[in-house]
Amino acid sequence: MAITGIMLMLFVLGHMLGNLQIFISADQINHYAETLQGLGNALWLIRGSLLVILLAHLGAALQVTRLNRAARPVPYQHALDYQTTTFASRTMMFTGLIIVAFVIYHILHFTVVTDANLAGIKGTHDDLNVYGMIVAGFSNTIVSLVYIVANILLGVHLTHGAKSLFQTLNLRTSENANCLENFSKGFGVLVILGNCSIPVAVLMGILS
Amino acid sequence: MNMNITLHVWRQKGPDAPGRMEIIQADDISPDMSFLEMLDLVNERLEAIDIESIAFDHDCREGICGMCSLVVNGIAHGPESATTVCQLHMRSFKDGDAVYIEPWRARAFPVIRDLIVDREAFERIQQAGGYVSINCGGSPDANAILVPKPEADTAMDAASCIGCGACVASCPNGSAMLFVAAKIGQFAHLPQGQPERFRRARRMVEQMETEGFGACTNHFECEASCPKEVPIKFISEMNRDFIKAVLKGE
Ligand code: FES
C-alpha cells in the first residue's frame, strides 16, 4: 500500500502543479495540455500505469479491510476509547472509495469530455483550449462544489497516507515523529488548497 | 473516602454460550484498592449471596507477567498509561462512576469465560520462531560476544513486551503486529538472533496471519495502550525483515 501510495501521491502533486499553471496564463496551461497530448503513446503508457497502480492500491485496501473486519467478530459493548486514531485514519476506506468515484467522474468530465458544451470549447489536438474548458466547467457551482468536497476528502486521505508510509517504510523514529506528523498534515492541506484554488478562483471570477 | 461504583461486566458462561453485559454494584470501595482487589471484593460479596463470581485472568499482580487483561471503559488496561490493569488503582475513578469491563475482543482470542480469553494464539506464534537456537554446554564467558549499548537497549525495549495482548485489544483492526514485532525485534537487534533472523520473521508473521489477527493500518493505538510502551518502530522493522525473508526465499 505504501509503495503504490507514494506513486499516487507523487501523481497528485504533479497533477496539481501542472494545473496551477492556469494562474500563469491561459496560453501556459493550454500549451502544457498540448505538450501532454503530444506525448502520444507515452501518454497512454502513463495512463495505463496509473490505472494499474490505483487498482493495486484499491485491491490491497479491500483485502486489508476484509481481514480487519473479520478479526473482531464480537464488537466492544462500550466503544473503544481511541487515544491516537484520527478522523483520517478511521475513514481511509470511505474517503478512498469517494476519491475513486470522483476520479471516474473527473476523467469523464475533463478527459473524455462527455459534456457537449465543454466538447465544443475543447478545440483541436494541437490547438487546445483547456483554459476555456476549465472556466466553463467550474462556472457551474454544483460541479465546483463536487470538486471542492472531493479534494478536501483527498487531502484528509493523504494526511493519514503520508504519515503511514513513513511508518511502513521504517523511516519514522521517535525523534522525527513530530516532524513527519506536521509534514503529513501540511501535504494534505497543500493538496486541498492547491486543487480547490482553481474552482474557487473561477467561482470568484478571478479566472474568466 | 470510599466510593460506590456501578460495574457493567461482560458475563459469558462458556466459549459457545452467548454473553451479555451485567450490572453489578460495587459499593464502599477504597481508592487505595487495586482494580483487581476491587474485583476480588465484589466476587467475595457475590459468592456470599450464591451468585457465580466474575472470572478474570491475573497472576503476578505487579505488572510483569501479562496475565491481567481487561478493557476498562474502552481502554485496554484502563485509563492510566503504561500501566497494567493489576497496577491500576481505584483512585483513578470517581464516586458514582459507571465502569465498563470487557474481555480482549478478537477472533483469535476466543472468550473462555466472562473476562478470560484464550491467548494460545500468541503461544503458537512464539513456537513458530520466537526463539534462538544455541549450542548447549558450559556457560559462556559473559562478554564473549560484544553488543553495542544502543543495540542492547533497543533489544531490551522489545524484550519488555509481557505478551498481554493489549495491542490486539486496543487496535481497531484487532492486529497483533506490535506483539509479534516485539518478539522478533528482541532478537533482530542481538548477534545471537542473526542466524535465524529472516526465517523467524517470516514464520512468525505467517503464523500471525493464520491465527486470524487483523493487519496494521497505522492507527498507533497499540503503542498508546501498551503497558510496557513498546515502540511501534518494531512493526516497520518486522515488515522489513519479512520482506527480506520473502525475497531471499527463507
Ligand atoms: S497480573 Fe501480572 S501483569 Fe497484571
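Our subject is the structure that appears above.
Parameters and conventions
- Residues numbered from 1 in each chain as written.
- Chains lettered and ligands numbered in written order.
- Predicted model: local features only at pLDDT ≥ 70, side-chain atom pairs only at ≥ 80, totals over all residues.
- Heavy atoms only, no water.
- Helix = DSSP H or I, 4+ residues; strand = E, 2+ residues; numbered from the N terminus.
- Buried < 20%, exposed > 50% of the residue type's maximum accessible area, 1.4 Å probe, protein only.
- Contact = heavy atoms within 4.5 Å.
- Core = buried A, V, L, I, M, F, W, Y, C linked by side-chain atoms within 4.5 Å.
- Patch = residues over 30% accessible without salt bridge, like charges linked within 9 Å, V, L, I, M, F, W, Y side chains within 5 Å.
- Areas by Shrake-Rupley, 256 points an atom, 1.4 Å probe, with all protein chains shown as cover.
- Salt bridge = Lys/Arg side-chain N within 4 Å of Asp/Glu carboxyl O.
- Phe/Tyr/Trp six-rings, centres within 6.5 Å; stacked < 30°, edge-to-face > 60°.
- Lys NZ or Arg CZ within 6 Å of the ring centre and 35° of its normal.

A. Seen up close, the overall build of chain A. Secondary structure summary: chain A contains nine helices and two strands in total. Order of helices (α) and strands (β) in chain A, N terminus to C terminus: α-α-α-α-α-α-β-β-α-α-α. Projecting the C-alpha coordinates of chain A onto the three principal axes gives extents of approximately 60 × 40 × 35 Å. Looking at chain A as a whole, 39% of its 208 residues qualify as buried. Considering only contacts within chain A whose residues lie at least 6 apart along the sequence, 74% involve residues at least 24 apart.

B. Main features of the nonpolar core. All names here are of chain B. Core analysis: the biggest nonpolar cluster contains 42 residues, and Val180 and Phe213 have the highest contact counts within it. In this view, Val180 contacts Ile125, Met204, Met208 and Met238; residues no more than four positions away in its chain are not counted. The next biggest cluster of nonpolar side chains, apart from the first, holds 29 residues, and it includes Met33, Phe35, Leu41 and Leu115.

C. Just a nonpolar patch on the surface, in detail. Residue and element names in this part refer to chain A. Nonpolar side chains collect at one region of the surface, where Ile3, Met7, Leu169 and Leu171 lie side by side and expose about 350 Å² of accessible area between them. With respect to the helices and strands, the residue Leu171 is situated in the loop between helix 8 (141-168) and helix 9 (177-203). Classification of Leu171 by relative accessible area gives partly exposed; the value is 47%.

D. The arrangement of the packing of aromatic side chains in detail. Tallied over the full model, the rule gives 12 aromatic pairs over all chains. With 5.7 Å between their ring centres and 40° between their planes, Phe35 of chain B and Phe93 of chain B make a pair best called tilted. Placement of the pair is Phe35 of chain B in helix 1 (residues 35-48) and Phe93 of chain B in the loop between strand 4 (75-76) and strand 5 (98-102), with a sequence separation of 58 residues. Here the two residues Phe35 of chain B and Phe93 of chain B agree in accessibility, since each one is buried. Considering the side-chain rings of Phe122 of chain B and Phe179 of chain B, the 3.6 Å spacing of their centres and the 0° angle between planes classify their relative orientation as stacked. Residue Phe122 of chain B is located in helix 2 (residues 120-129), and its partner Phe179 of chain B is located in helix 5 (residues 177-188); the two are separated by 57 residues in the primary sequence. Since its relative accessible area comes to 3%, Phe122 of chain B is described here as buried. Note on Phe179 of chain B: relative accessible area 3%, which makes it buried. Ring pairs connect the aromatic residues Phe102, Tyr105, Phe110, Phe138 and Tyr147 of chain A, which therefore count as one cluster. We note Lys233 of chain B situated over the ring of Phe234 of chain B; from NZ or CZ to the ring centre the distance is 5.5 Å.

E. Main features of the pattern of salt bridges. All names here are of chain B. Applying the stated criterion across every chain yields a total of 18 salt bridges over all chains. In this structure, Asp57 engages Arg119 in a salt bridge whose closest nitrogen and oxygen atoms are separated by 3.1 Å. Residue Asp57 is found in the loop between helix 1 and strand 3 (71-72), and its partner Arg119 is found in the loop between strand 7 (116-117) and helix 2; the two are separated by 62 residues along the sequence. Judged by relative accessible area, Asp57 falls into the buried class, the value being 11%. The salt bridge involving Glu196 is made with Arg200; its shortest N-O contact spans 3.6 Å. We note that Glu196, like Arg200, is buried. By sharing partners, the salt bridges in this structure join Arg11, Arg20, Glu22 and Asp114 into a single network.

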